[in-house]
Amino acid sequence: MTANKTNIHRKRTNILLIFFFLLLALVAGRFFYLQILKGDELRDIRENNINAFEYIYPKRGRILSSDGYVLAEDRKTFSLAIDLEQKPSEESIRMLADLFPEIVDFGETKDLVRNSINSRKPEIVIEKIDQANLSKFLVRSTDFEGFSIIEGYEREYDSHPAFFHVLGHMGYINDLDTEYFQPRIDSFDPTIWRKVGKSGIERVYEQELRGSHGKRYFQRNARGTKKVITGEDSFREGDELVISINYEAQKLAYDLIGNRRGSVVVIDLNDFSIPVAVSAPSISANMLRDITTSQYQDLLNNSDRPLFNRAFMGLYPPASTIKPLLTVFALSNGYTNWEETILDDGFFRFEEEQRVFNAWREGGHGLTDLNKALVESSNPFFMNLAVRYEKVEFIEFLESSSFGSKLCEDCYPHQFSPLINDEWKRKNFGKDLFKGDFINLGVGQGYMLTTPLHLALISGILASKGTYQLPHLSKKNTELLSIDADMKDQDWEKLNNSLIDVVYSPNGTGYRINAGELDLAGKSGTAQVVDIDSRAEYDEVRKNENLRDHAIFIGYAPFDSPRYSIAVIIENGESGGRVAGPIAQKVLEELLNDN
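Residues numbered from 1 in each chain as written. Predicted model: local features only at pLDDT ≥ 70, side-chain atom pairs only at ≥ 80, totals over all residues. Heavy atoms only, no water.

**A few points about the overall build of the chain**
Phase 1: In terms of helices and strands, the chain carries 22 helices and 21 strands.
Phase 2: What you see for the chain is a C-alpha radius of gyration of 35 Å, clearly larger than the 25 Å of a compact globule of 595 residues, by over 25%.
Phase 3: Within the span of the chain, comprising 595 residues, buried residues form 48% of the whole.
Phase 4: A fraction of 71% describes how many contacts in the chain between residues 6 or more apart in sequence connect residues 24 or more apart.
Phase 5: Of the roughly 29,800 Å² that the chain leaves accessible, carbon and sulfur atoms contribute 48%.
Phase 6: Across the chain, the mean location of the 69 positive side-chain charges is 10 Å away from that of the 88 negative side-chain charges. (Helix = DSSP H or I, 4+ residues; strand = E, 2+ residues; numbered from the N terminus. Rg over C-alpha atoms; globule rule 2.2 N^0.38 Å. Buried < 20%, exposed > 50% of the residue type's maximum accessible area, 1.4 Å probe, protein only. Contact = heavy atoms within 4.5 Å. Areas by Shrake-Rupley, 256 points an atom, 1.4 Å probe, with all protein chains shown as cover. Lys, Arg positive; Asp, Glu negative; His and termini not counted. Charge placed at Lys NZ, Arg CZ, Asp CG, Glu CD.)

Encoded structure:
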């Protein structure tokens, strides 16, 4: 009996010893794993929990106009935040709610404090606190344990809506931004920057404007709150950027458009910079800073499209404003001369297709030569030329005039005027260009579409006798380009005189501009929105304002030594000479007087 009991005790002892040694082996193995195999990794985790850093975000660079006005800059803001090193008491929360009863709710703030402590993130109680409330808090700041003021920056823009489309705006970064910036900015890290430029200059010059961030190193205590700052890597503020926009002329151009839809673009022919690029209607970029989703959707749904950059993205038929450029093509390739005349009876008859095209003037212009066709804008004269054009020559000429290619490297977003060729027509209509297409193309209608920026450049090409550079807002393109044309000096002089007569001759389509002493040369145009066959039909169509013709004017001044070229488009404005031309006159006068 005693022996049995001894055996039982011995077995139990052995089991306990085995269990003990297994437990000891397990602890030793765990110790070996943590200290030897994972020691370095765990040591790094410990160090990271104790030693941490936060990014120091730099002040974004200012954007200035060419005449020295600040168009965009970072403004310092102050917010009331939860201080995790002190942790607000319930009494402190109640006192804060009593101090700001309209903007701080006791229950909501109490929940916010609890969440902030649990997440170890210093949540914002009052974002962008105004000066009056800031002063109220600072006077009694010692009474509010657990709350502190933190500083930040927000982008402030000139409030005039003329500048929105050029400057662009800032917004929270998304996947599309990452896709755009990664190939353009070295070591771009989307996890560091909360906001980036979404459009305009802000987007194109993101790298220059944002600067580079710094780091502030600190040690945490056991609860994970900051205690001691141990070091700091310096940051670099963003670069200041001067753009070519003229402050006063830009505002004037926008104000002259008034409550209509349209665009004004001016190019300085000294360096092909852009002193004016207006799209109307527009908004102040400051509106987008704290906009709600529903408010933004309202802007998107607005039929006037205030967020659409007409200056760089709008595509319009150039109408008669393309005639001077095509005059260069026709003269250079021997399709006409200054002596050739036709009888303009108000119609052009295309016998090949048995079609008749109506001119804008009933009864026509009578016996018409090239000069008269430009001054009075005879469509039959230029239609008669168009059916003679050789397709390849015509397309190569348009291509040399920057159709189908990007015009400006720092204009964003930016649309190019399509190059109308066989490939384009096959893609859109499944067939090649034919002779009848050239009739409409020859008067700037049909498939031909141009941006206001391109029209201003075409005007500059005419003023510069065929040579040009691509326009810019800040970064100059030094490459000198030229159109595919061989014009004699006397032909350029005659063309210049014709464009002067457009404005100053009583028969000129731009005579109503009353340009006075501006020395303006140009060409007006009226672009059809819908196809019509008669004046009576248009009288019916124009009852709908949105179906009325667009008013267009291109020009340059002074005509004897051109400094600026301009394009003005007023949607549904009907008369280029009466509506668009006077805007061009006033804007050019402002720029020339400023010099």
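**A look at the packing of aromatic side chains**
For any pair of aromatic rings, the description rests on two quantities: the centre-to-centre distance and the angle between the ring planes.
Phase 1: On inspection of all chains with the given rule, the structure shows 18 aromatic pairs.
Phase 2: Measuring from ring centre to ring centre gives 4.9 Å for Phe329 and Tyr389, while their planes differ by 80°; the resulting arrangement is edge-to-face. Here Phe329 is found in helix H13 (residues 323-332), whereas its partner Tyr389 is found in the loop between helix H15 (379-386) and helix H16 (391-400), with 60 residues between them in sequence.
Phase 3: Residue classification places Phe329 among the buried residues on the basis of a relative accessible area of 1%.
Phase 4: Given the relative accessible area of 2%, Tyr389 is considered buried.
Phase 5: Taking the centre distance of 5.8 Å and the plane angle of 70° together, the rings of Phe381 and Phe382 count as edge-to-face. Just as Phe381 is buried, Phe382 falls in that class too.
Phase 6: Taken together, the ring pairs in this structure connect Phe329, Tyr335, Tyr389, Phe394, Phe397 and Phe438 into an aromatic cluster. (Phe/Tyr/Trp six-rings, centres within 6.5 Å; stacked < 30°, edge-to-face > 60°.)

**A closer look at the state of the cysteines**
Phase 1: A complete count under the given rule lists one disulfide for this structure.
Phase 2: Disulfide partner of Cys408: Cys411, at an S-S distance of 2.1 Å. On the sign convention where negative means left-handed, the S-S torsion of about 70° between Cys408 and Cys411 marks this disulfide as right-handed.
Phase 3: Residue classification places Cys408 among the buried residues on the basis of a relative accessible area of 1%.
Phase 4: For Cys411, a relative accessible area of 2% puts it in the buried group. (Disulfide = S-S within 2.5 Å.)

**Examining the side chain of Ser273**
Phase 1: With respect to the secondary-structure elements, Ser273 resides in strand E12 (residues 273-280).
Phase 2: According to the relative accessible area criterion, Ser273 is buried, its value standing at 7%.
Phase 3: Among the polar contacts made by the side chain of Ser273, one reaches the side chain of Asp271 at a distance of 2.7 Å. (Polar contact = N/O pair within 3.5 Å; in protein donor to acceptor, adjacent residues only side chain to side chain.)

**Observations regarding the sheet that holds strand E19 (residues 521-527)**
Phase 1: Reading across from one edge, E12-E11-E21-E20-E19 is the order of the five strands in this open sheet, with antiparallel pairing throughout. With one partner strand each, in any of the chains shown, E12 and E19 form the two edges of the open sheet. On average, each strand axis in the sheet is tilted by 5° relative to the strand beside it, whichever way the strands run.
Phase 2: As paired strands, strand E11 (residues 262-268) and strand E21 (residues 564-570) are joined by seven bridges and run antiparallel to one another. Pairing of Asp268 across the sheet is with Tyr564, part of E21.
Phase 3: Along the sheet, helix H20 (residues 489-504) makes contact with E19 and strand E20 (550-557), crossing E19 at roughly 65°. (Pairing = 2+ DSSP bridges. Axes fitted to C-alpha atoms, helices over the stretch in contact; angles between N-to-C directions.)

**With respect to H13**
Phase 1: Along H13, ten of the ten residues are buried, which leaves the element largely enclosed by surrounding structure.
Phase 2: Within the span of H13, buried status applies to Lys323, Pro324, Leu325, Leu326, Thr327, Val328, Phe329, Ala330, Leu331 and Ser332.
Phase 3: Positive backbone phi, approximately 75°, marks Gly334, located one or two places after H13.

**So, the nonpolar core**
Phase 1: Ile201, Ile243, Val264, Val276, Tyr389, Leu495 and Leu520 are the most contacted members of the largest nonpolar core, which totals 123 residues.
Phase 2: Once you skip the residues sitting within four places of it in the chain, Val264 turns out to touch Ala253, Ile257, Val276, Ala277, Val278, Ile566, Ala567, Val568 and Ile583.
Phase 3: Judged by nonpolar contacts, the second largest core, of 18 residues, contains Leu80, Leu84, Leu96 and Ile129. (Core = buried A, V, L, I, M, F, W, Y, C linked by side-chain atoms within 4.5 Å.)

**With respect to the packing of helix H10 (residues 247-257) against helix H22 (residues 576-594)**
Phase 1: For the pair H10 and H22, the least separation of the axes is 9 Å and the interaxial angle reads 165°. With respect to each other, H10 and H22 are oriented roughly antiparallel. For the pair H10 and H22, the sense of crossing is right-handed. Facing Glu248, Ala249, Leu252, Ala253, Leu256 and Ile257 of H10, the residues of H22 in contact are Ile583, Lys586, Val587, Glu590 and Leu591. (Parallel < 35°, antiparallel > 145°, perpendicular 65-115°, else oblique. Left-handed = near helix turned anticlockwise from the far one by under 90°.)

**Comments concerning the pairing of strand E14 (residues 347-350)**
Phase 1: Residues of E14 alternate between two faces, with Phe348 and Phe350 buried on one and Phe347 and Arg349 left unburied on the opposite face.
Phase 2: Examined bridge by bridge, E14 and strand E15 (residues 355-358) share four bridges and lie antiparallel to one another. Within E15, the position partnered with Phe348 by the bridge is Phe357.
Phase 3: Taken together, E14 and the strand that follows it, E15, pair antiparallel across an intervening segment of four residues, in which Gln354 is found at a positive phi of about 55°.

**Considerations on a negative patch on the surface**
Phase 1: Side chains of Glu390, Glu393, Glu396, Glu399 and Asp484 sit close together on the surface and give a patch of like negative charge.
Phase 2: Here Glu396 is to be found in helix H16.
Phase 3: Look at Glu396 and you get partly exposed, because its relative accessible area is 41%. (Patch = residues over 30% accessible without salt bridge, like charges linked within 9 Å, V, L, I, M, F, W, Y side chains within 5 Å. Salt bridge = Lys/Arg side-chain N within 4 Å of Asp/Glu carboxyl O.)

**Observations regarding the side chain of Asp83**
Phase 1: Counting through the fold element by element, Asp83 comes out in the loop between strand E3 (70-82) and helix H3 (90-99).
Phase 2: Apart from residues lying up to four places away in sequence, Asp83 is in contact with Pro88, Gly146, Phe147 and Ser148.

**Notes on the pattern of salt bridges**
Phase 1: For the structure shown, the criterion picks out 28 salt bridges.
Phase 2: Measuring nitrogen to oxygen at the nearest pair gives 3.2 Å for the salt bridge that ties Lys110 to Glu90. Taken together, the residues span a long stretch of sequence, with Lys110 in helix H4 (residues 106-119) and Glu90 in helix H3 at a distance of 20 residues.
Phase 3: Look at Lys110 and you get partly exposed, because its relative accessible area is 30%.
Phase 4: Residue Glu90 is classed as partly exposed on the basis of its relative accessible area of 42%.
Phase 5: Among the salt bridges present, the one from Asp177 reaches Arg203, with a minimum N-O distance of 2.9 Å. With a gap of 26 residues between them, Asp177 in helix H7 (residues 175-181) and Arg203 in helix H8 (residues 200-204) connect regions that are remote in the sequence. There is no split in this pair, since Asp177 and Arg203 are both buried.
Phase 6: What you see here is one network of salt bridges that share partners, running through Arg75, Lys128, Glu154, Glu156, Arg289 and Asp290.

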